Amino acid sequence: LPMACALIDIEDKVVLQNQVSDNMLKFQIGQSLFDGLRHDDHALLKDTLHIVRQGVLRQAWCEIPIKLGLSTHWYKMSFCHALNLQQQLLLMVEDVTERYRLADELTFHSNHDALTGLPNRVQFEGMLDELLSNDEDIPACVAFLDLDQFQVVNDLSGHQAGDELLQQVSKRLKQLVRKGDVVARLGGDEFGILMYYSDEV
């Protein structure tokens with residue numbers, strides 16, 4: 001098959017795999033499926049294996065990140081019974097990393113300003129809502145600022161110069177706040193700053 005496949009024994013170890021699996025996952029024969037997984041993802045894989053082994057479903061799958069070298073890949077792992085005497089499971093693996101990358105990119109673009117890379121109004125208001133609904137009553141300070149005469153820059157020097165000014169102001173504001181504070185572009189020449197554990201003084 002042109003898909004990564006492997007046989008998994010009752011101890012969740014790889015006992016046989018095809019060339020695609022060997023190239024993609026780098027599993028060694030006798031290695032546990034749980035090697036390379038973050039501890040937080042163990043429960044999801046255990047539940048998926050349990051569902052198939054107990055016959056709740058004939059086939060079940062989960063999507064899990066696995067660290068390979070310096071990079072992390074997302075894999076869709078599908079399990080079903082191999083129908084052999086050893087009660088092994090057949091594992092089929094599909095690389096879904098690109099889908100997760102695109103989803104992350106879409107999420108980033110929906111929450112960040114395209115010009116400056118700063119959080120946008122939606123993201124900023126979401127952070128404020130989260131702060132106000134937090135039971136810990138964290139002291140914080142919110143500041144809003146506009147650029148004086150920004151329209152003059154656009155009119156005299158063009159929108160490209162205006163965009164460059166907004167990018168420079170964004171960089172400068174990020175340098176001025178503390179680590180953990182938030183600078184957002186709310187629209188046009190309007191910026192918002194959220195400073196945690198701070199007050200008016």
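Anything mentioned here points back to the structure above.
Residues numbered from 1 in each chain as written. Predicted model: local features only at pLDDT ≥ 70, side-chain atom pairs only at ≥ 80, totals over all residues. Heavy atoms only, no water.

J.: What's the story with the overall build of the chain in this structure? I'm lost.
T.: Within the chain, the secondary structure is distributed over six helices and eight strands. Reading the helices (α) and strands (β) of the chain from amino to carboxyl end gives β-β-α-α-β-β-β-α-α-β-α-α-β-β. Here the chain has a C-alpha radius of gyration of 25 Å; the compact-globule value for 201 residues is 17 Å, and the former is much larger. Structurally, the chain occupies a C-alpha span of about 80 × 40 × 25 Å along its principal axes. For the chain, with 201 residues in total, the buried portion stands at 35%. Restricting the contact set of the chain to residue pairs at least 6 apart, pairs at least 24 apart contribute 43%. For the chain, the accessible area works out to roughly 12,900 Å², and carbon and sulfur atoms hold 54% of it. On the chain, the mean spot of the 17 positive side-chain charges and the mean spot of the 31 negative ones are 8 Å from each other. (Helix = DSSP H or I, 4+ residues; strand = E, 2+ residues; numbered from the N terminus. Rg over C-alpha atoms; globule rule 2.2 N^0.38 Å. Buried < 20%, exposed > 50% of the residue type's maximum accessible area, 1.4 Å probe, protein only. Contact = heavy atoms within 4.5 Å. Areas by Shrake-Rupley, 256 points an atom, 1.4 Å probe, with all protein chains shown as cover. Lys, Arg positive; Asp, Glu negative; His and termini not counted. Charge placed at Lys NZ, Arg CZ, Asp CG, Glu CD.)

J.: Please explain the pattern of salt bridges as it appears in this structure.
T.: Two side chains carrying opposite charge are able to pair once their charged atoms lie near each other. Counting across every chain of the model gives ten salt bridges. Two residues, R121 and E125, come together in a salt bridge whose shortest N-O distance is 3.9 Å. Of this pair, R121 and E125 both sit in helix α4 (residues 121-133), four residues apart, which is roughly one turn of the helix. Accessibility expressed as a relative area gives 40% for E125, which makes it partly exposed. Three or more residues are tied together by salt bridges with common partners; here these are E98, R101 and E105. (Salt bridge = Lys/Arg side-chain N within 4 Å of Asp/Glu carboxyl O.)

J.: Quick question: what am I supposed to make of the sheet that holds strand β5 (residues 89-95) here?
T.: Strand pairing in a sheet is mediated by backbone hydrogen bonds. Such pairs are either parallel or antiparallel. With respect to topology, five strands assemble into an open sheet ordered β2-β1-β5-β4-β3, the strand pairing being antiparallel. The strands lining the two open edges of the sheet, one partner per strand, are β2 (14-17) and β3 (59-68). Going across the sheet, the axis of each strand differs from the next one's by a mean of 30 degrees, ignoring polarity. Here strand β4 (residues 71-81) runs beside β5; their pairing, made up of seven bridges, is antiparallel. The partner of C80 across the bridge, within β5, is L90. (Pairing = 2+ DSSP bridges. Axes fitted to C-alpha atoms, helices over the stretch in contact; angles between N-to-C directions.)

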